[in-house]
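Examination of the molecular architecture
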Protein chains: 2
Amino acid sequence: MAKRKSMQDDPCPVGRSLDIVGDRWSLLIVRDAFDGTRRFSDFQRSLGVARNILADRLRNLVEEDILTIQPASDGTSYHEYVLTTKGDRLFPVVVALRQWGEHYLFRQDELHSQLLDKATGKNVGQMALRDANGEVLNADQTIVKKIR
Amino acid sequence: MAKRKSMQDDPCPVGRSLDIVGDRWSLLIVRDAFDGTRRFSDFQRSLGVARNILADRLRNLVEEDILTIQPASDGTSYHEYVLTTKGDRLFPVVVALRQWGEHYLFRQDELHSQLLDKATGKNVGQMALRDANGEVLNADQTIVKKIR
């Protein structure tokens, strides 16, 4: 990876988060993990990424406690990568990227994957930031302040 | 940038989105734009990124219609980068990264920036995916299907 300024001391949580998951492969791996992918070879097939890059990103995600390594669920000697609670909490990030992509990056009749409510089989609603009364808050209705 | 497989034909909206904004600098630029940064030199100061990389990412964000170039608001000969509607719709992505970082990447007493509701000055709520009744949906309560 290119040498880069670390954002680990950044007072902005967005900067710190991007320092950890702010490359395309890491978030694609997390996306695949949400879809049930668990093995190195399956991540590799899904993503078409070079093995050394995949190994590097998986190692980093394990070090950051986003994925954890488990023995294979079928009793073979393989091991599997599974989302931790910390990894699971990246769900809104992946959903937000999905919903933006759905809106802007597909033609109307183009094949695309959709996220459905498992219980009802219906489309999930649009995710949004809301105020205390449940009203949608846009960026210009918010302000960023530094506090302890 | 490293040569990479394009996800522009990916049926998954997450893949397509990450193809466009899936590098750390692009999302940090978008974050700064939400915070009111508009000029090349101000992005550079905020991010500490090399000028050639910043220029490349800004050009890409303009090409992708996430930022647009405007004459400087103060009448000088500078130009400014301003979020388009498409860029503005990345707000949930940035907020989701912020809230994950707030939860996992700061010590309790550590200085950090917070997102407040401008009208009330209060903290914004946690963003989450919700079902038709407004109940929070976790990843394991959803399923991904390919449809047209």
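As a starting point, this report considers the structure included with it. Every value quoted in this text rests on a predicted model; they were computed, and no experiment measured them.

Quick look at the relation of the copies chain A and chain B
- Overlay of chain A on chain B (RMSD 0.0 Å): rotation 180°, translation along the axis 0.0 Å. The relationship between the two copies is best expressed as a two-fold rotation axis. Scanning chain A for the C-alpha nearest the rotation axis identifies A:Asp23, at a separation of 2.4 Å.
- By residue overlap, the copies meet face to face through one surface: 100% of the interface positions of chain A are interface positions in chain B.

Regarding the nonpolar core
- Ranked by internal contacts, the top residues of the largest apolar core, which has 77 residues, are A:Ile66 and B:Ile66.
- Other than its neighbours up to four places away in sequence, B:Ile66 contacts A:Trp100, B:Ile20, B:Val21, B:Val30, B:Leu61, B:Val82, B:Leu83, B:Thr84, B:Gly87 and B:Leu90.

Quick word on the pattern of salt bridges
All names here are of chain B.
- One pass over the structure, following the stated rule, counts 28 salt bridges over all chains.
- Linking Arg59 and Asp56 is a salt bridge whose minimum nitrogen-to-oxygen distance equals 3.9 Å. In this pair, Arg59 and Asp56 both sit in helix H4 (residues 51-63), three residues apart, roughly one turn of the helix.
- By relative accessible area, Arg59 is classed as partly exposed at 47%.
- Judged by its relative accessible area of 29%, Asp56 is partly exposed.
- Between Arg107 and Glu110 there is a salt bridge whose closest N-O contact spans 3.9 Å.
- By relative accessible area, which is 56% here, Arg107 ends up exposed.
- The exposure class of Glu110 is buried, given its relative accessible area of 13%.

With respect to the side chain of A:Glu110
- Checked against the element boundaries, A:Glu110 lands in the loop between helix H6 (91-104) and strand S3 (112-117).
- At 2.8 Å, the side chain of A:Glu110 forms a polar contact with the side chain of B:Arg16.

What counts and what doesn't
- Residues numbered from 1 in each chain as written.
- Chains lettered and ligands numbered in written order.
- Predicted model: local features only at pLDDT ≥ 70, side-chain atom pairs only at ≥ 80, totals over all residues.
- Heavy atoms only, no water.
- Least-squares fit on C-alpha atoms with pLDDT ≥ 70 in both.
- Contact = heavy atoms within 4.5 Å.
- Core = buried A, V, L, I, M, F, W, Y, C linked by side-chain atoms within 4.5 Å.
- Buried < 20%, exposed > 50% of the residue type's maximum accessible area, 1.4 Å probe, protein only.
- Salt bridge = Lys/Arg side-chain N within 4 Å of Asp/Glu carboxyl O.
- Helix = DSSP H or I, 4+ residues; strand = E, 2+ residues; numbered from the N terminus.
- Polar contact = N/O pair within 3.5 Å; in protein donor to acceptor, adjacent residues only side chain to side chain.

None of the figures reported here should be taken as evidence of function without further support.
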